[in-house]
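Chain by chain, the residues run as shown.
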Number of protein chains: 2
Amino acid sequence: MKIIVDAMGGDFAPLAPVKGALLAHERYGTEIILTGRTEDILRSVRECGREELPAGVEIVNAEQVVEICDDPSTAFKQKKDSSLTVGLNLLRDGQADGFVCAGSTGALLAGATLVVKRIRGLRRAALSPTIPTATGKAVLIDCGANAECTVEYLLQFAYLGSYYAEKVLGVERPRVGLLNIGAEESKGDELRRETYRKLKEAGAAGHLNFVGNVEAKEAMMGACDVIVSDGYSGNIMLKSIEGTGKLMAKELKAVLMKSAGTKLAALLLKSALTGFKKMLDPNEVGGTALLGISRPVVKAHGSSNEVAFCNAIRQAAEVAQSGIIADIEANIDKMRISRED
Amino acid sequence: MKIIVDAMGGDFAPLAPVKGALLAHERYGTEIILTGRTEDILRSVRECGREELPAGVEIVNAEQVVEICDDPSTAFKQKKDSSLTVGLNLLRDGQADGFVCAGSTGALLAGATLVVKRIRGLRRAALSPTIPTATGKAVLIDCGANAECTVEYLLQFAYLGSYYAEKVLGVERPRVGLLNIGAEESKGDELRRETYRKLKEAGAAGHLNFVGNVEAKEAMMGACDVIVSDGYSGNIMLKSIEGTGKLMAKELKAVLMKSAGTKLAALLLKSALTGFKKMLDPNEVGGTALLGISRPVVKAHGSSNEVAFCNAIRQAAEVAQSGIIADIEANIDKMRISRED
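Our subject in this report is the structure included herewith.

Reading the values: rules and limits
Residues numbered from 1 in each chain as written. Chains lettered and ligands numbered in written order. Predicted model: local features only at pLDDT ≥ 70, side-chain atom pairs only at ≥ 80, totals over all residues. Heavy atoms only, no water. Helix = DSSP H or I, 4+ residues; strand = E, 2+ residues; numbered from the N terminus. Least-squares fit on C-alpha atoms with pLDDT ≥ 70 in both. Contact = heavy atoms within 4.5 Å. Buried area = accessible area lost by both parts, 1.4 Å probe. Salt bridge = Lys/Arg side-chain N within 4 Å of Asp/Glu carboxyl O. Polar contact = N/O pair within 3.5 Å; in protein donor to acceptor, adjacent residues only side chain to side chain. Nonpolar A, V, L, I, M, F, W, Y, C, P; charged D, E, K, R; others polar.

Considering unusual backbone geometry
- The amide bond that connects Ala 13 of chain A to the next residue, Pro 14 of chain A, takes the cis arrangement and shows omega of 0 degrees.
- Put simply, Ile 141 of chain B and Asp 142 of chain B share a cis peptide bond, and its omega is 5 degrees.
- Along the chain, Asp 142 of chain B turns up in the loop between strand S7 (136–141) and helix H6 (151–167).
- At Lys 117 of chain A, a residue that is not glycine, the phi angle is positive and equals roughly 80 degrees.

Okay, here's the thing in C-alpha cells:
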C-alpha cells in the first residue's frame, strides 16, 4: 500500500504532513510519496530527529505551492509544478494507491475531478466526512462540494455513502437517511420530495437500505449510518455541529474554572474528559473522503497535526483496500436516472 | 398588556400552559385569556392549588383541540371551535395584544397567516428562534416555515430579524449575516448570490447593517446578531445545534458517572453546571417568534413546561410593547423587490 501525501498543504506544512507520514509508515508500514519542495521536506525530516528518510518513504519534487489566494478551479492547471498537481498526476498514473491533502478543498476537488477523473457515470464527487452520533458515527454526504444538486446527484451520493459505510467503516446494511426537516414524505422542497421517491424505489428494489427522511437532530442521535444531503445543507449541518461543540467546550471550560471547588473537579475529571474532547476533534476523526473520484482521495483538515495526517493516510489506505471503487463501478447502472442523461 | 394562551397545545397541556399563565400573571402582571375546554382548564387551576382564577385571567371556551394528526394547512378551518382558532380570532379582533401556542407549528403558521394575516407587503411569515452564541445570542430566521424561498423572502427575513434583534432583544445596529458555506460573495447557490447582492445594496443604503456571508460555525461564535436563511437550511442548523447539545450532554453525563472520582467531581460541579445545561434548554430560551404576522404570535416548544410558557408569554408581551410591527409596516417599501411583484 502506497499513499501520496501533499507535503505543502495545510496550516502546519511541511512539518505536520511529514511527521504524520513518518508516523503512518512506522505504525502501519504504509509506503509514502511526499510531494513538495525537497529541501523543505528534508528540513522537516531533520526536525523529526532523522538524518534521512527511511526506506519506503520517498520525495517527488514539486517547486510550486497552491495558495489560499489561488483560484481553486484553475490552480491545479496554473501551477503544474505544485505539490497538489504533481501528486494528482502520480495518482492518475497509478504510481500509488491513494492521495492525502490538507490544502485548499476547492483546488483539490477541481484537480481530482479533472486530473484523476470521476468514476465513469457519476455526475459529481462529494465530500463525505464522518460525524459523531449517540450510537457511533455516520457519513454525511455531501458536505460542501456541490452547493446545488439534482435528484440524480443525491441518489448517487446515497449509493456512494452506503458503499463507504459498508466497505470502509464496516457497517452491515448501512441505514441511509435523507436529511430533511420532518419525517413525512411530503416534507422539504421539491428536490427532497423527488429524491425521496427515487430512494424509496432503490430501497424497494433491495439496492439500498433506505430508512426515510431524517431530521438533523435524529441523525445525531443515531437514526442512520448515511446522511444524504446537498452540499449546502450538509455544510450547514457540519459547521453547526463544529460550532456547537466549540461553544460547549468553551462554556465547560468556564464552568471548570469558576471556583476552587470546580477546579478540583476539573482535576478529578482530567483523564475522563479526554474522550469527551476527542469526540468533536477533527484531528481524531481523520480526513474527509472525496467519494466519486476514480482513485482514493482524502481531504485532511486544514489545521491537521501529525496525528490527523497519520489518520488520514490510514483512511486513504483503507479506502484503497476496501474495493469500494470497483464496487461502485460495477453497480453504476443502478445510480443513473435515464431521463436526466 | 393582555396575552392569549392556547391552553390545549403542547405535550403537557392543559396543566403546563395554565401554570405558566398563572406564573406570568403573578410575575409580570400580564393579563391572560386562556382558550380551551373550560372544565379542563379549571381542573388544572385547581391542581395549581387555587379555587378560582385570579382577576385578570379569564377563559374563553373552545370545545375542540387541534391534534397532531390533523392536516396543518386546514386544521384552523376544519376545527372552528378549537383553542387555536378561537385564540387567533380573538387576536385578529383586537381582544388581546399577543398569542402564545405550543401546538402544531404548521397549524399555527397556517392559521396565523390566514386568520390574523401577514403584515401588508410581506411575502411570508418566518419562524425566528434565538440561538445561543459565544457572545450572547442571535436570531435565526427562517428556521422551518418556508422550505423554499425566493430572494425577496430572504431580503424580508433580514429586515424582520433586524427589527426583532433591535426592538425586542435590544441590540444596537444588529449585524445581519447571510448563512452560507463560505465568506466570499461567490459562495453558495444562485439564491444566496442574488440575496447577497440585495443585502449589500440595503447595507450601502444604510437600511441594514449587513456584515456579509457567515458560516454556521462563525455564526455560533458570535459573528452576527441575525442569521438569514431559507427555512430548510435554518431548520437543519437549529436541529444540528439541538442534536449536538443533546449528544454532548449525554457524553458529559457518562463522563461524570465513570468512577468514584468523577462522581465526586459531579457533586462539586452541580451548581456550576446548571447554567451550562440551561444554555441549550428550549424551556429557558422561551418561544419562537412568528415574525411577519400583523399581530404578535409566539410558538412555544411542544415540550414546554410552565417556565417555558411563562417565558413565551413575557416574550409575546415584549414583542407587543416593542412597536416592531408598526416599524415594519412603516418601512415595508424598502423590503420589496419590484420586479418580483
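Structural notes on the relation of the copies chain B and chain A
- For the pair chain B and chain A, the best superposition has an RMSD of 0.0 Å and corresponds to a rotation of 180 degrees with a translation of 0.0 Å parallel to the axis. As the rotation angle and translation indicate, the two copies are arranged about a two-fold axis. Looking at the rotation axis and the C-alpha trace of chain B, the residue lying nearest is Ala 265 of chain B, at 2.1 Å.
- When the interface residues of chain B are mapped onto chain A, 100% of them again lie at the interface, so the same face is used by both copies.

Concerning the interface of chain B and chain A
- Contact with chain B, which involves 52 residues of that partner, is made by 52 residues of chain A.
- Both faces combined, the contact of chain B with chain A buries some 4,700 Å², and carbon together with sulfur accounts for 76% of it.
- Sorting the residues of chain B by area buried against chain A places Ile 181, Tyr 232 and Met 248 of chain B first, and these three jointly supply 15% of that buried surface.
- Put simply, chain B and chain A have six salt bridges between them.
- In this structure, Lys 217 of chain A and Glu 242 of chain B form a salt bridge, with 3.4 Å as the shortest nitrogen-oxygen distance.
- One can count 12 residue pairs in polar contact (both at pLDDT 80 or more) joining chain B with chain A.
- Looking at the side of chain B that touches chain A, the elements that each hand over two or more residues are strand S6 (130–133), helix H7 (190–204), helix H8 (216–220), helix H9 (231–256) and helix H10 (260–279) of chain B.
- With 20 residues, H9 of chain B is the largest single contributor of residues to the side of chain B that touches chain A.
- Among the residues making up the side of chain B that touches chain A, the classes are represented as 26 nonpolar, 12 polar and 14 charged.

These results come straight from atomic positions and should not be treated as a statement about function.
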